[in-house]
Structure formats: C-alpha cells, structure tokens
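# Observations on the model geometry
Residue-level listing of the chains:
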Amino acid sequence: MSEALVATEIPETAVSGISGARQFWRRLRAQRAAMVAAAVVALLVLVALAAPLLTALEGQDATTYHPSLIDSARGGVPIGSFGGISGDHWLGVEPQTGRDLFARLVYGSQVSLGVALAATAVQVFLGVVVGVAAALGSRWVDQLLSRITDIIVAMPLMIMALALLAVVPGSFPRPVLVALIIGFVAWGTIGKIARAQTLTLKQLDYVAAARLSGWGTLRIARRELLPGLAAPVITYAALMVPANISIEASLSFLGVGVKPPTPSWGQMLSTANVWYQAAPQYLLLPAGALFVTVLALTVLGDGVRTALDPRAASRLRIGTGRKQEAKAAGSKAGHSEADPSKEGQEGQEGTS
C-alpha cells in the first residue's frame, strides 16, 4: 500500500516541478528586455570561458610586453591609430607596456565575473544558513543570530574590505581573497530575507504536518523550507551579482583588489585614468564592458524577480479584469443612455 502511494506521489511532484519551471520560463520569455539581457550575459560568460581560445586565435596573451609598439618619445603612447589597432592586436595595446588590450579584456572578464559569482555563492550560503537557523532556533538563538546579522548589515562594506585586504599577505591569491571578503562582509541582507521567509513558511500546514509526523528540524528545513526559500533567494542573488562586480571593480580601482599582472576590469581602469586623452580606448573599453555587464545582469535580475513572483500573473489578471469591467461598464452606460429613446419610440408605437 505504501509503495503504491509513493509511486503515485512521485509523478505528481515531478509534474508540479515541471509545470512550475514551464510557468517561470513562460513569464521570463514574455519580457523582451530580460531575454536580451540573458543573451548578453550568456555571451559574456562564453567569452570568459573561451578566453584562452580567443587569445590563441588572435595570437597574443595578456602578459607579454611589446615595447616596439610604444612611442617612448611621447610618454608611452601606442604607435598607430586608435591605440595601435592592427591585425595582430584587435583592440590595440596598453600605453607604456604594449600588452594586448583584447587579451587583457577577455581575461579580465574571467576575474570580474568569477569574483562576483563566487562572492554571491558565499553570501547566499551564509545568509541562508544563518537566517534559517535563527528562524528555527530557540528565542535566544534567534536573538543572538539576529543581532549578528544586524551588525553585518550596518557594517560599511568598502571600509571593511579595504581594511582586510590591506592586512592579508600578498602571497594569498587575490581574486579568491576579494571574493571571500565580499561574501563574508555582505551576507546580512539575504540572511534577513531567509529568516523572514522561514518564519512565514514554518506556520504553514504542510510544515506542521511534517513536524507532527516526527521529522527532525534538519529534515524539515531541507525537504520543506529550502524549496520555499528558492524564489526569494534566487531573486536577490541575481541582483547581487552586478553589485559584486561593481564592488570588485571599485576595490581594484583603489589598488587593493586584484593586483597586476592579473588582468581585471577595475584594475585596468585604475591604470587608465591618466590616459583618457592620449589613449581613450584604454579607458573606454573596460568601462564599457563593466557598464554593459552590470546593466545586463541588473535587467536580467529584475526579470527573474518578476518571473518568480507568484503574484505577477494574478496582478496581470486583475488589471485586465478591471480594464474589461471598465469597458463593459462604459458600454452599458452607452446602452442605458440610448434605451430611453428606444423605449419612447416603442411606447409611441404601442399607443398608435
């Protein structure tokens, strides 16, 4: 009997999961801006993953100096038009060093996107663990973890990151260090979201039924609460990725993030700020890449938030229903205004 029940329950769960995924994809696909942003993000990720192949196709790398391509008499400005663009150097070369700009730009995408995604993963893990533990723990545990979360939220991110990056030895891999510091300093907001959502979910009937059936706290959290946390956590995580890219770029621009010769968009901007007149492409290329990446991820994150919002479809139906009701009311009013004349005509015909 129990085997039959299990056999009937598994397909229903699978079907509900498939239908939920289809509904999410349908809502996301209906947003043209989000789909364009998703295509841009996919292209950026593909470029980051294929950086070795792209640079090998160009025949350059990100660290080799080309002093023959630099005009030392003019202070290190690249020789040639548009920063030394040629068949060997597709986007020109860096001032003073002559390193290939295309190679440094595509390898910089690996660092910027990798640091942002790793920092977001750390933030999500810490925030969910602390938030769920606070909501399911005793009153004292909740008070302690909530006060720690408040401290993390109130902590100035840039100041703490600058202080921690300044004291860590330089032998530690810098991209990994930047990702860990951003993750450990900026998980407070998602911790509050996870706690509030867990407090709401634990009052629902299916969670109470699982508790009455003898399930432990960890099993309830894993089987019943974490699926309910997926939508708000994924939504906020999608919006945290562009913010983390900006933070990494800011830290590298201030000189405490990724160190040369490792390429990073923020580190390229920090060395390009004095060349915006002599070699403007050296500043515009990483700045444009940052702008496009942050904008695409922000639009995609907002699209994911809308697609995961269970009230989006109901709000759409309510809005459409109100428009239809208003249209119907207007048509009824028009008919009612025309009815008296018709009734008068009918009355005259009846008397005649």
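None of the values given here were measured: they were computed from a predicted structure. (Residues numbered from 1 in each chain as written. Predicted model: local features only at pLDDT ≥ 70, side-chain atom pairs only at ≥ 80, totals over all residues. Heavy atoms only, no water.)

### Let's talk about the packing of aromatic side chains
- Tallied over the entire structure, the rule returns one aromatic pair.
- When the ring of Trp90 is compared with that of Phe102, the centres are 5.0 Å apart and the planes differ by 55°; the resulting orientation is tilted. Of this pair, Trp90 sits in the loop between β2 (77–78) and α4 (101–136) while Phe102 sits in helix α4, and the two are twelve residues apart along the sequence.
- One residue, Arg139, lies across the ring of Trp140, its end atom 4.7 Å from the ring centre.
- Positioned over the ring face of Trp215 is Arg219, at 4.1 Å from the centre of the ring. (Phe/Tyr/Trp six-rings, centres within 6.5 Å; stacked < 30°, edge-to-face > 60°. Helix = DSSP H or I, 4+ residues; strand = E, 2+ residues; numbered from the N terminus. Lys NZ or Arg CZ within 6 Å of the ring centre and 35° of its normal.)

### Focus on the packing of helix α3 (residues 51–58) against α4
- Look at α3 against α4: their axes get within 9 Å of each other, and the N-to-C directions meet at 175°. Relative to α4, the element α3 is oriented roughly antiparallel. Between α3, through Ala51, Pro52, Leu54, Thr55 and Glu58, and α4, the contact on the second element is made entirely by Phe102, Ala103, Val106, Tyr107 and Gln110. (Axes fitted to C-alpha atoms, helices over the stretch in contact; angles between N-to-C directions. Parallel < 35°, antiparallel > 145°, perpendicular 65-115°, else oblique. Contact = heavy atoms within 4.5 Å.)

### Some details on helix α8 (residues 188–201)
- Look at α8: 20 Å from first C-alpha to last across 14 residues, which is about the 20 Å you get at 1.5 Å a residue.
- The complete set of buried residues in α8 reads Gly188, Ile190, Gly191, Ala194, Thr198 and Leu201. Each buried residue of α8 sits inside an arc of 160° when the element is viewed along its axis, so together they form one side.
- Contacts made by the buried residues of α8 are with α4, α5 (139–154), α9 (205–212) and α10 (217–253). (Expected span 1.5 Å × (residues − 1). Buried < 20%, exposed > 50% of the residue type's maximum accessible area, 1.4 Å probe, protein only. Arc of directions from axis to C-beta.)

### Observations regarding a nonpolar patch on the surface
- A cluster of nonpolar residues, Phe172, Val176, Leu180 and Phe184, forms a patch on the protein surface that exposes about 340 Å² of accessible area.
- Looking at the element boundaries, Leu180 is found in helix α7 (residues 174–185).
- The exposure class of Leu180 is partly exposed, given its relative accessible area of 32%. (Patch = residues over 30% accessible without salt bridge, like charges linked within 9 Å, V, L, I, M, F, W, Y side chains within 5 Å. Areas by Shrake-Rupley, 256 points an atom, 1.4 Å probe, with all protein chains shown as cover. Salt bridge = Lys/Arg side-chain N within 4 Å of Asp/Glu carboxyl O.)

### Some details on the environment of Leu165
- Along the polypeptide, Leu165 turns up in helix α6 (residues 157–167).
- Residue Leu165 is classed as buried on the basis of its relative accessible area of 2%.
- Taking C-alpha positions, Leu165 is 6.2 Å from Val256, a pair spaced 91 residues apart along the chain.
- Aside from chain neighbours lying at most four places away, what touches Leu165 is Arg174, Leu177, Val178, Ile181, Leu251 and Val256.

### So, the pattern of salt bridges
- Per the stated rule, a full pass over the model turns up six salt bridges.
- With a closest N to O distance of 2.9 Å, Glu94 and Arg99 form a salt bridge.
- Glu94 sits in the buried class, given a relative accessible area of 2%.
- Put simply, Arg195 and Asp142 hold a salt bridge, and the shortest N to O gap is 2.8 Å. Of this pair, Arg195 sits in helix α8 while Asp142 sits in helix α5, and the two are 53 residues apart along the sequence.
- Asp142 gets classed as buried once you look at its relative accessible area, which sits at 14%.
- Sharing partners across several salt bridges, the network here consists of Glu94, Arg99 and Arg104.

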